[in-house]
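Remarks on the overall topology
Chain by chain, the residues run as shown.
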Amino acid sequence: MVLAVGAGLLTWTPASAAAADEEEMPSVTLQAARMTTRPANLNAVDSSGYLSSPSSAEPSSVSTWVGNDGSTVADLPTPVAVNGGFGLERVKETNTYRIRHYATGEVVRVDLPPTDAATKVFAENRLVTQRVVDGERTLHLLEIPEGGGLPTDRQVSGVLDDLERAAADDDGVFAHGAASDSRGGVLLYRPVGGDARRTALLDFATARLTYVPNGDFDGLFVQHLGSDKILFQTYEEDHEAYKNEPKRSYLYVIGRGQPDSPGTLIGQLPDDDDSFKGDGQGDTARVVGDWLVYTDLHGGTVHAVPLAGGALRTLLLSSANSFVRGQDGSLYIEGGSDKDHWAVQRITLADDGTPVAKPAVPLPAVTEWEVGGMALDHGRLLFATESAEKPGEGNTFLTASKLSLAADGTLTAGPPEVLGDLGYDVPDQEPYIDAMSAGWHQPCYEDCLRLTATGKSSVAHNVCGVGHVVAAAGPYRVVRPSDQKICPTGKGKQEVRDGDKVLSTGPRQPAALWESTLWTPGSKPGTVSAVSLPSLKPLRTQPVGATCVPKELQVVGRWIYWSCGPRGDAGVYDRATGRQIDVPSGYAQLADGYLVSQANATRKLLITYFPDAVPADRVGTSELGPLPSPVRTPQDRRGLFWAVDRFDGAVAYLDASGDVTVKWPRVRASPFAEPGPDTPYAWMPFDVALLVVALAYAITLKTFGRRPWSPFQRTVDSPGAAADSGGPSGAR
């Protein structure tokens, strides 16, 4: 069915749901609309995965290794050169280089002497350098022994004397590596004085150069270093008759076994193909066996034609236009027929000697929900969506879906409803921007999409002047003002707010909000302190057994979660029983009766059930589902790609297909929790649930000295909270 909402029309595919028995967890999957092809940004590849590099190798740029099993290794330095499944990295602007094997994570470090500069020709444990000593230029092959140690240093032989006259760039590099594989590499240099560029093939086994004749061309620029053939792009030498015309380029193929013998100049292609003219196409052409494989830049179609001439074949209808050589010498390219049939494709020779393309790593279409942004609030799934017409270029919108849990345990999700734009307006006044500017509307992307539920079926997130939301509950917020270029309001500060009113300002520290109580680390080790809002009246200091000054706090009813950081200790304290509960380390979110945490090493979401919240045989930690691992996402994925409902108990996460899975753990409600009007307790009769809650609450009376509880009156978290509802603001 099609749902009409305020921000346009959304095509709604009913979510899949299944009834759950007493031992199962109710779940439902919401299917997102597929928008566009998924970019792989191929840079390096082998049989186990590929390196995704969205930008060129700069000191600040990072890449992600994506395994065929969906695993990712993020924040890797973008290499300055690649060789199959290996990357060559330069450590900042130093003379230290690293050769990284992406599949295993092994790194070989190479420290070059001041006399050397890297040429970018390298292999698993080899690096070719240029060296200048007393004005004399030489080339050297360094080989790092297995297990480390000083490298074996061999001077490259077969070098012509004109290397001494080679032009150097601004970094002093005069010999440039163009391609490498396990057997050797291709080097280029240009002698000063107008001579054509030199192209030479280096053999690692002999450490010897063999020059490739240029003929009448102005250098040869390698496009593909194959096991038996090498493909170059070449240009005509400058001639007086053509000095006012663009140089004409061609493709040139030589046999690798006889690099100094004449090769084959690829001239006119079949008349029925007008996409390949020879000009500017070398970077999208490769040789596979006796075939030339290339892409049509107009539409990315991948074609193949015999080098000796013959009929044209189409291997892929569309592609990203850029080939990458794999570790085994085969070709890889991202492509397919459409967004629903897109993959990293491997091009090899079939048994009959003709090239074929086969999917190696599927690339499912990008969905409208993969932009990130997710929260749960009183049985309502809140998530960010973006325009299908302009993904990544338009605005993001807050969208809601109502969850319902039936008496038989069937969990369903209602049609999505667009609530509004998540972007914000930047005012046309200082200190935000130049006073002459009229301001603008800032779309919400990246960390702006980290959503925090408020308990009022709404979310808090970064807006103009708010750089980070620490905690939210009802009208109250703990925020860190923005210190970025857009809307800068303060550096190193943290504010407690009641709506737009600032109640207090202080240094940054962990904080948690539950109803109208603010929790922060206590002055004594292992404790936390509570104050009432909005008066900021001190309530209590509570020992929780923390082994550090907590770096993070969360509170839900009777449960207090503390953490020493994602790699440090963590625990949950039960205020009703005084019990200290061990929980896994890692980024986590607390709910009523359980904790969900990220296990980044195993790419899993874990759930830890607390005593008294579930039967004894279910207490402890178990696997909940896969950890959402989109490429180039931060380590902390809470509020972006997974979330829990601390008010009603559901969990939601983005799956590998870009859809959202919601699960509803079966736990007993805490007497301190504030149920929303739509809280489903259908897994047990209401009167039984009420009896369990009332009985549990009675146990806590002796501990906290609170007045008898009635199911017909609102439960407040602390004795001082109720008095604040109509009292003075207490701002300081």
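**Focus: the packing of aromatic side chains**
One pair of aromatic rings is described through two measures. These are the centre distance and the angle between the planes. Under the criterion given, the structure shown has 6 aromatic pairs. Seen in terms of ring centroids, Trp-369 and Phe-383 are 4.8 Å apart; in terms of plane orientation they differ by 65°. Their pairing is edge-to-face. Here the residue Trp-369 occupies a position in the loop between strand S35 (366-367) and strand S36 (374-376), and Phe-383 occupies one in strand S37 (residues 380-386), the gap between them amounting to 14 residues. By relative accessible area, Trp-369 is classed as buried at 5%.

**Observations regarding the state of the cysteines**
Scanning all chains against the criterion turns up 2 disulfides. The residue that forms a disulfide with Cys-444 is Cys-448, at a sulfur-sulfur distance of 2.1 Å. The sign of the S-S torsion, about -115°, decides the handedness of the disulfide formed by Cys-444 and Cys-448: left-handed. As far as burial versus exposure is concerned, Cys-444 and Cys-448 are alike and both buried. Put simply, Cys-548 and Cys-564 are joined by a disulfide, and their sulfur atoms are 2.0 Å apart. Between Cys-548 and Cys-564 the disulfide shows an S-S torsion of about -105°. By sign, it is left-handed. Residue Cys-548 is located in the loop between strand S52 (537-543) and strand S53 (552-556), and its partner Cys-564 is located in the loop between strand S54 (559-563) and strand S55 (570-574); the two are separated by 16 residues in the primary sequence. For Cys-564, a relative accessible area of 14% gives the class buried.

**So, the layout of surface pockets**
A volume near 840 Å³ is recorded for the second largest pocket. Residues of the lining of the second largest pocket, tallied by class, amount to 23 nonpolar, 9 polar and 8 charged.

**Considering the confidence of the model for the protein**
With 80% of its residues at a pLDDT of at least 70, the protein reaches an overall mean of 82. Counting interchain partners and residues more than four positions distant, the pLDDT-below-50 stretch residues 239-243 has 1 contact. Confidence over residues 268-282 falls short of pLDDT 50; this stretch has 33 contacts with residues more than four positions distant or in other chains.

**Comments concerning the sheet that holds strand S47 (residues 493-498)**
Pairing in this open sheet of 4 strands is antiparallel, and the strands run S45-S46-S47-S48 from one edge to the other. Of all strands in the sheet, those bounded by a partner on one side alone are strand S45 (466-473) and strand S48 (501-507). When the angles between neighbouring strand axes are averaged without regard to direction, this sheet yields 25°. In terms of strand pairing, S45 meets strand S46 (residues 476-481) through 6 bridges, oriented antiparallel. For His-468, the partnering residue across the bridge sits in S46 and is Arg-480.

**Observations regarding the sheet that holds strand S6 (residues 42-46)**
Paired through their backbone hydrogen bonds, the strands of a sheet run either parallel or antiparallel. Spatially, S6-S7-S8-S9 is the arrangement adopted by the 4 strands of the open sheet, whose pairing is antiparallel. Either end of the sheet is taken by a strand with one partner, and the two such strands are S6 and strand S9 (72-77). Adjacent strand axes in the sheet meet at a mean angle of 20° when their direction is disregarded. The pairing of S6 with strand S7 (residues 49-52) spans 4 bridges and is classified as antiparallel. Paired with Asp-46 across the strands is Gly-49, a residue of S7.

**As for the nonpolar core**
Membership of the largest hydrophobic core comes to 77 residues, with the highest contact counts inside it found for Leu-381, Tyr-594, Val-596, Phe-610 and Val-662. Membership of the second largest hydrophobic core comes to 18 residues, among which are Leu-141, Leu-163, Ala-166 and Tyr-189.

**Section: the pattern of salt bridges**
Enumeration over the complete set of coordinates arrives at 27 salt bridges. The partner of Arg-256 in a salt bridge is Asp-181, with the nearest N and O atoms 2.5 Å apart. Here Arg-256 is found in the loop between strand S24 (249-255) and strand S25 (264-266), whereas its partner Asp-181 is found in the loop between strand S18 (176-180) and strand S19 (184-189), with 75 residues between them in sequence. This pair shows no difference in class: Arg-256 is buried, exactly as Asp-181 is. Asp-636 serves as the salt-bridge partner of Arg-638, at 2.9 Å between the closest nitrogen and oxygen. Arg-638 sits in the buried class, given a relative accessible area of 11%. Within this structure, Asp-447, Arg-450, Glu-552, Asp-636 and Arg-638 form a network of salt bridges that share partners.

Conventions adopted
Residues numbered from 1 in each chain as written. Predicted model: local features only at pLDDT ≥ 70, side-chain atom pairs only at ≥ 80, totals over all residues. Heavy atoms only, no water. Phe/Tyr/Trp six-rings, centres within 6.5 Å; stacked < 30°, edge-to-face > 60°. Helix = DSSP H or I, 4+ residues; strand = E, 2+ residues; numbered from the N terminus. Buried < 20%, exposed > 50% of the residue type's maximum accessible area, 1.4 Å probe, protein only. Disulfide = S-S within 2.5 Å. 1 Å grid on protein atoms, 1.4 Å probe; cavity = no way out; pocket = protein on both sides within 12 Å on 5 of 7 lines; lining within 4 Å. Points joined across faces, edges and corners; volume = space filled by probe spheres on them. Nonpolar A, V, L, I, M, F, W, Y, C, P; charged D, E, K, R; others polar. pLDDT = per-residue confidence, 0-100. Contact = heavy atoms within 4.5 Å. Pairing = 2+ DSSP bridges. Axes fitted to C-alpha atoms, helices over the stretch in contact; angles between N-to-C directions. Core = buried A, V, L, I, M, F, W, Y, C linked by side-chain atoms within 4.5 Å. Salt bridge = Lys/Arg side-chain N within 4 Å of Asp/Glu carboxyl O.

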